[in-house]
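Fold and geometry: a report
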Amino acid sequence: GFHGRICNRFSKTSRDPCGRWLSHEFIGKTNTLKIYTVYRVNPKSSKGDTTAWQQQKRYLQKNEQDVDPRKQIINDLLASLQRDRDNGFHTVVMGDFNETIDGREKTNEKMMSIGLVNLLEHRMETNSLPRTHKLGRNAIDHVWISGGIINSVCSAGLAPFDFIGDSDHRGLYFDLILDEMKKWSNITLWFDSQYL
């Protein structure tokens, strides 16, 4: 949810038809900010046909795309982000990507190739990020932000586990000073994958 002066700039919410992400658009006098919240499935599991991976696979097959849902979400997301970039939007992408920053699928590199910056890697000046899942050893939740607004971030970090409620993930946050983007307002954005 959003509150405060940023609500006056809210334009619309869009949803991926496969349920992989949703986005919110905020329109300013000269800039548009689009914020994506994403869930990327884990690799294929043999635990049955009710997993999110299987559900997305069936959806894609119905649409004549017989591909791995983990790969396809990144391809589709990058295409959407490229359209946003072509339209002059600033973007924030946050979510549970179920991949480490240096994972074999190279999602971080793909995001950087279209002008996005991994916020925590940038702020902490390391790619050795703290774990974001209780049972994990690495960060699998990430925030990428348009390079053009990276200097508008005044703070960023990770909340302790179970800070707001019971979750197997920890919340990520950052303060974005929208005054840097033509005097909108300040906003703190939180992401916790338990709400996806």
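Whatever comes next refers back to the structure up there.
Read on for a plain summary of the structure.

Rules used throughout
Residues numbered from 1 in each chain as written. Predicted model: local features only at pLDDT ≥ 70, side-chain atom pairs only at ≥ 80, totals over all residues. Heavy atoms only, no water. Phe/Tyr/Trp six-rings, centres within 6.5 Å; stacked < 30°, edge-to-face > 60°. Helix = DSSP H or I, 4+ residues; strand = E, 2+ residues; numbered from the N terminus. Buried < 20%, exposed > 50% of the residue type's maximum accessible area, 1.4 Å probe, protein only. Polar contact = N/O pair within 3.5 Å; in protein donor to acceptor, adjacent residues only side chain to side chain. Contact = heavy atoms within 4.5 Å. Pairing = 2+ DSSP bridges. Axes fitted to C-alpha atoms, helices over the stretch in contact; angles between N-to-C directions. Expected span 1.5 Å × (residues − 1). Arc of directions from axis to C-beta. Salt bridge = Lys/Arg side-chain N within 4 Å of Asp/Glu carboxyl O. Core = buried A, V, L, I, M, F, W, Y, C linked by side-chain atoms within 4.5 Å.

So, on to the packing of aromatic side chains. Under the criterion given, the structure shown has three aromatic pairs. Between Phe10 and Phe26 the ring centres are 5.8 Å apart and the planes differ by 65°, which places this aromatic pair in the edge-to-face class. Of this pair, Phe10 sits in strand 1 (residues 10-15) while Phe26 sits in strand 2 (residues 21-27), and the two are 16 residues apart along the sequence. By relative accessible area, which is 39% here, Phe10 ends up partly exposed.

Further remarks concern the side chain of Glu99. Summarising the element assignment, Glu99 is placed in the loop between strand 4 (90-96) and helix 3 (107-113). In this structure Glu99 comes out as buried when scored by relative accessible area, which is 6%. Of note is the side chain of Glu99, whose polar atom sits 3.4 Å from the backbone nitrogen of Glu105. Among the polar contacts made by the side chain of Glu99, one reaches the side chain of Thr107 at a distance of 2.4 Å. With sequence-adjacent residues up to four places away left out, Glu99 is seen in contact with Arg40, Arg70, Arg104, Glu105, Lys106, Thr107, Ala139, Ile140 and His142.

Another point: the sheet that holds strand 6 (residues 141-146). Strand order in the open sheet formed by six strands is 1-2-3-4-6-5, and the pairing between neighbours is mixed. A strand with exactly one partner marks an edge of an open sheet, and here the two such strands are strand 1 and strand 5 (116-118). Adjacent strand axes in the sheet meet at a mean angle of 15°, parallel and antiparallel pairs treated alike. Of the strand pairs in this sheet, strand 5 and strand 6 are connected by three bridges, and their pairing is antiparallel.

Moving on, we come to helix 2 (residues 69-86). The end-to-end C-alpha distance of helix 2 is 25 Å, a good match for the 26 Å that 18 residues give at a rise of 1.5 Å each. Restricting attention to buried positions, one finds in helix 2 the residues Pro69, Arg70, Gln72, Ile73, Ile74, Leu77, Leu78, Ser80, Leu81 and Asp84. On the buried face of helix 2, the contacting elements are strand 2, strand 3 (32-39), helix 1 (52-62), strand 4, helix 3 and strand 5. For helix 2, the capping residue at the N-terminal end is Asp68, with a side-chain oxygen 2.9 Å from the backbone nitrogen of Arg70.

Moving on to the packing of helix 1 against helix 2. Between helix 1 and helix 2, the shortest axis-to-axis distance is 9 Å and the interhelical angle comes to 65°. Contacts from Trp53, Gln56, Lys57 and Leu60 in helix 1 reach Pro69, Arg70 and Gln72 in helix 2.

Bringing helix 1 into the picture now. Listed as buried for helix 1 are Trp53, Gln54, Gln56, Lys57 and Leu60. When helix 1 is viewed along its axis, its buried side chains cluster within an angular range of 165° and face the same direction. Among the structural elements, helix 2 are those in contact with the buried residues of helix 1. Positive phi appears at Glu64, one or two residues downstream of helix 1, with a value of about 60°.

With that settled, the discussion passes to the pattern of salt bridges. It is possible for side chains of opposite charge to pair when their charged atoms get near one another. For the coordinates displayed, the defined rule picks out nine salt bridges. Residue Lys34 is joined to Asp84 by a salt bridge in which the shortest nitrogen-to-oxygen separation is 3.2 Å. Taken together, the residues Lys34 in strand 3 and Asp84 in helix 2 connect sequence positions 50 residues apart. What makes Lys34 buried here is its relative accessible area of 9%. With a shortest N-O distance of 2.8 Å, Lys134 and Asp162 are connected by a salt bridge. Of this pair, Lys134 sits in the loop between helix 4 (119-124) and strand 6 while Asp162 is found in the loop between strand 7 (153-158) and strand 8 (172-177), placing the two residues 28 residues apart along the sequence.

Bringing the nonpolar core into the picture now. Within the largest apolar cluster, 20 residues are counted, with the highest numbers of intra-cluster contacts made by Leu33, Val92, Leu119, Val143, Ile145 and Phe174. Secondary structure elements with two or more residues in this core: strand 3, strand 4, helix 4, strand 6, strand 7 and strand 8. With three residues, the top contributor of residues to this core is strand 8. Among the nonpolar cores identified, the runner-up in size contains 14 residues, and Tyr36, Leu81, Val93 and Ile114 belong to it.

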